[in-house]
Amino acid sequence: MSHSPSSRLFVATRKGLFTLERAAAGWRIAQTAFLGDPISIVHIDGAGRIYAALDLGHFGSKLKRSIDGGTTWEERAAPAYPEKPEEVDDRDDNGTSIPWKLQKIWALADGNATEATDSLWCGTLPGGLFRSDDGGASWELNRPLWDKPERKGWFGGGYDWPGIHSVFVDPRNADRVLVAISCGGVWVTENGGSTWSPRAEGMRAEYMPPERAYDQNVQDPHIMVASRENPDALWVQHHNGIFRSTDGAASWQEIKDIPRSGFGFAAAVHPQDPDTAWFVPAIKDEKRIPVDGQLVALRTRDGGATFEVLDQGLPQENAYDLIYRHSLDIDASGDRLAFGSTTGSLWITEDQGDSWTSLSAHLPPIYCVRFAA
Amino acid sequence: MPQVIFTSALERHLSCPPQEVAGGTVREVLNHAFATNPGVRAYVLDEQGALRKHMTVFVDGEAVRDRDGLSDGVKPDSQIYVMQALSGG
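Residues numbered from 1 in each chain as written. Chains lettered and ligands numbered in written order. Predicted model: local features only at pLDDT ≥ 70, side-chain atom pairs only at ≥ 80, totals over all residues.

(A) Spatial organisation of the overall build of chain B. Check the secondary structure of chain B and you find 2 helices and 5 strands. Beginning at the N terminus, the succession of helices and strands in chain B can be written as β-β-α-α-β-β-β. In terms of overall size, chain B behaves like a compact globule, its C-alpha atoms giving a radius of gyration of 12 Å where 89 residues would be expected to give roughly 12 Å. Taken across its 89 residues, chain B has 33% of its residues classed as buried. Here the contacts in chain B between residues at least 6 apart in sequence split such that 55% fall between residues at least 24 apart. (Helix = DSSP H or I, 4+ residues; strand = E, 2+ residues; numbered from the N terminus. Rg over C-alpha atoms; globule rule 2.2 N^0.38 Å. Buried ≥ 20, exposed ≤ 12 C-beta atoms within 10 Å, placed from the backbone. Contact = placed C-beta atoms within 7 Å.)

(B) Structural context of the overall build of chain A. Helices and strands together make up the secondary structure of chain A, namely 1 helix and 28 strands. Computed over the C-alpha atoms, the radius of gyration of chain A is 19 Å, within 12% of the 21 Å expected from 2.2 N^0.38 for a compact globule of 373 residues. Taken across its 373 residues, chain A has 50% of its residues classed as buried. Taking contacts inside chain A between residues at least 6 apart in sequence as the whole, the part at least 24 apart equals 50%.

(C) Up close: the environment of Val-167 of chain A. Residues and elements named next belong to chain A. Residue position: Val-167 is located in strand 12 (residues 163–169). Residues Val-167 and Arg-204, 37 residues apart in the sequence, show an inter-C-alpha distance of 21 Å. When residues no more than four places from it in sequence are discounted, the contact partners of Val-167 are Ala-107, Ala-109, Trp-121, Gly-123, Val-177 and Val-179.

(D) How the structure looks around the nonpolar core. Counting 130 residues, the largest nonpolar core has Val-11, Ala-12, Val-42, Ala-52, Ala-266, Ala-267 and Leu-328 of chain A as the members making the most contacts within it. Not counting residues up to four positions away in its chain, the partners in contact with Ala-266 of chain A are Ile-223, Gln-237, Phe-279, Val-280, Ile-323, Tyr-324, Arg-325, Ser-327, Leu-328 and Phe-339 of chain A. (Core = buried A, V, L, I, M, F, W, Y, C linked by C-beta atoms within 7 Å.)

(E) Looking closely at the sheet that holds strand 25 (residues 337–340) of chain A. Residues and elements named next belong to chain A. The strand order across the open sheet built from 4 strands is 24-25-26-27, with neighbouring strands paired in antiparallel fashion. Two strands bound the open sheet, and with one partner strand each, they are strand 24 (328–330) and strand 27 (357–360). Here the average twist between neighbouring strands, direction ignored, is 20°. With 3 bridges joining them, strand 24 and strand 25 adopt antiparallel strand pairing. Along strand 25, the bridge assignment pairs Asp-329 with Ala-338. (Pairing = 2+ DSSP bridges. Axes fitted to C-alpha atoms, helices over the stretch in contact; angles between N-to-C directions.)

(F) Quick peek at the interface of chain A and chain B. At the interface, 11 residues of chain A touch 12 residues of chain B. Residue composition of the side of chain A that touches chain B, grouped by class: 6 nonpolar, 3 polar and 2 charged. (Nonpolar A, V, L, I, M, F, W, Y, C, P; charged D, E, K, R; others polar.)

(G) Quick look at helix 1 (residues 26–36) of chain B. Residue and element names in this part refer to chain B. For helix 1, the complete set of buried residues consists of Val-26, Val-29, Leu-30 and Ala-33. Across the axial projection of helix 1, the buried residues extend over an arc of 95°, all falling on one side. Among the structural elements, strand 1 (3–6), strand 2 (19–20), strand 3 (55–59) and strand 5 (79–84) are those in contact with the buried residues of helix 1. (Arc of directions from axis to C-beta.)

(H) View of the sheet that holds strand 2 (residues 16–23) of chain A. Residues and elements named next belong to chain A. What the 4 strands build is an open sheet, ordered 3-2-1-28; its pairing is antiparallel. Where the open sheet ends on each side, the last strands, each with one partner, are strand 3 (26–33) and strand 28 (366–371). On average, adjacent strands in this sheet sit at an angle of 25° to one another, irrespective of strand direction. Judged from the 7 bridges that link them, strand 2 and strand 3 form a sheet pairing that is antiparallel. Bridged to Phe-18 within strand 3 is Thr-32.

(I) Layout of the pairing of strand 2 of chain A. Residues and elements named next belong to chain A. As defined by bridge partners, strand 1 (residues 8–13) adjoins strand 2 across 6 bridges and the pair is classed as antiparallel. Among the inter-strand pairings, Phe-10 is bridged to a residue of strand 2, identified as Thr-19. Here strand 1 hands over to strand 2 after 2 residues, the two strands then running antiparallel side by side.

(J) Region of interest: unusual backbone geometry. Residue and element names in this part refer to chain A. Across the junction of Leu-125 and Pro-126, the peptide omega takes the value 15°, indicating a cis bond. Tracing the chain through its elements places Pro-126 in the loop between strand 9 (120–125) and strand 10 (129–132). Omega for the bond connecting Ser-182 with Cys-183 falls within 30 degrees of zero, at -5°, which places this linkage in the cis form. Within the secondary structure, Cys-183 sits in the loop between strand 13 (177–182) and strand 14 (185–189).

(K) Representation of the pairing of strand 4 (residues 39–44) of chain A. Residues and elements named next belong to chain A. Among the 6 residues that make up strand 4, 6 are buried, leaving the element largely enclosed by the rest of the structure. For strand 4 and strand 5 (residues 50–56), the ladder comprises 5 bridges, and the chain directions are antiparallel. Bridging from a neighbouring strand, Ile-44 pairs with Ile-50 of strand 5. Counting the residues that bridge the hairpin from strand 4 to strand 5 gives 5 residues, and of these Gly-48 lies at a positive phi of roughly 85°.

(L) Molecular detail of the environment of Phe-263 of chain A. Residues and elements named next belong to chain A. Along the chain, Phe-263 falls in the loop between strand 19 (253–254) and strand 20 (264–269). For Phe-263, a count of 23 C-beta atoms within 10 Å translates into the label buried. Excluding residues that lie within four positions of it along the chain, Phe-263 makes contacts with Pro-281, Ala-282, Ile-283, Lys-284 and Asp-285.

(M) The arrangement of the confidence of the model for chain B in detail. For chain B, per-residue confidence averages 93 on the pLDDT scale, and 97% of positions sit at 70 or higher. Reported confidence for the predicted complex is 0.82 by ipTM and 0.94 by pTM. (pLDDT = per-residue confidence, 0-100.)

Here you go:
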């Protein structure tokens, strides 16, 4: 099924939410919202409603929603952790007490991937997955995942606490949901969240002692994406490489011989062609800058056997842009991709990455980029 | 009655004029203030009722000690300032 290309792009930054629109003369910033406020995630649901998660440093995480394309916003409820029972001593494997308090909203996904509903999943730090069936008016912590004893073995990657950053709802069956956690591997439910099982077999963690390198519960998938029309085809940009699954996450294969670097945060997969995927590499992990100051994207069209280095229109000297995990997106047509950087630069392609156009070099640090349908 | 004054930084997000409310502890005073302006609660306290990490409350110029329980005493003529800690960025 072919889709028309998207002409609307939402960019969540450290200092507000920017809406870009494609006019005859090209893309331009058409609207701003929440100027000055950090936006950790923006999500457009199946009905075209826009959710923005504000990460207010002093006042906590807030959730806002617009039903008119971003002109006006209403406050929704932020997910709230339940009270920790006094008899529960919830400590991670390092002995640190885990707060039952929302630290950050890090993922939003429709509860049904194929029709517009009021159901949402929300991934958070410190590791809780929440569900809403009323469009974010109320939330409930998914206890079966939260109560897994393995959760105590999760840990933060870059943050103090583990976080759920990827939630994928199977378009064939909304009761089947995959989540990816930094650092806690990949988990699946087949029954709407009643039970969960690990799904990170084959992933390898270089940052662990050798005997635990293949421990599913300590893997650090930076992002997990699935091909919309081939949902058993999944890609993960992992802390120390790229992994691919062709069997719905039952097993993962490590991709070898990646040009430039296997380190990065972001990934995108073509909605119709599961063998075609994009990544934005950076020098691993002590440095996190483009190799040789040259910003490039990588594209494979053969399931990771080979990669093309895409640099047309991207800065090839003195570029220190890092692309965070939610800051690369692909539209429903599969032709348009956009990514934004920690230094506030934003690029778009309309030909699958053959050439890129700079849309701005002066935005605040970019946290999340999402095309509207 | 004790007076509660909220940081002007909150005004960017929601209206929270000063209030005169009854109470013998910070918790009681804030609960009364939130009763008439419920939207403010989640901006000042986390979901477990503790003061948010980067918020501070001063009672007559002294920062409260019990940030979780908010049991610090309040006098009938106290002024309670709900402020934000300074941060970078």
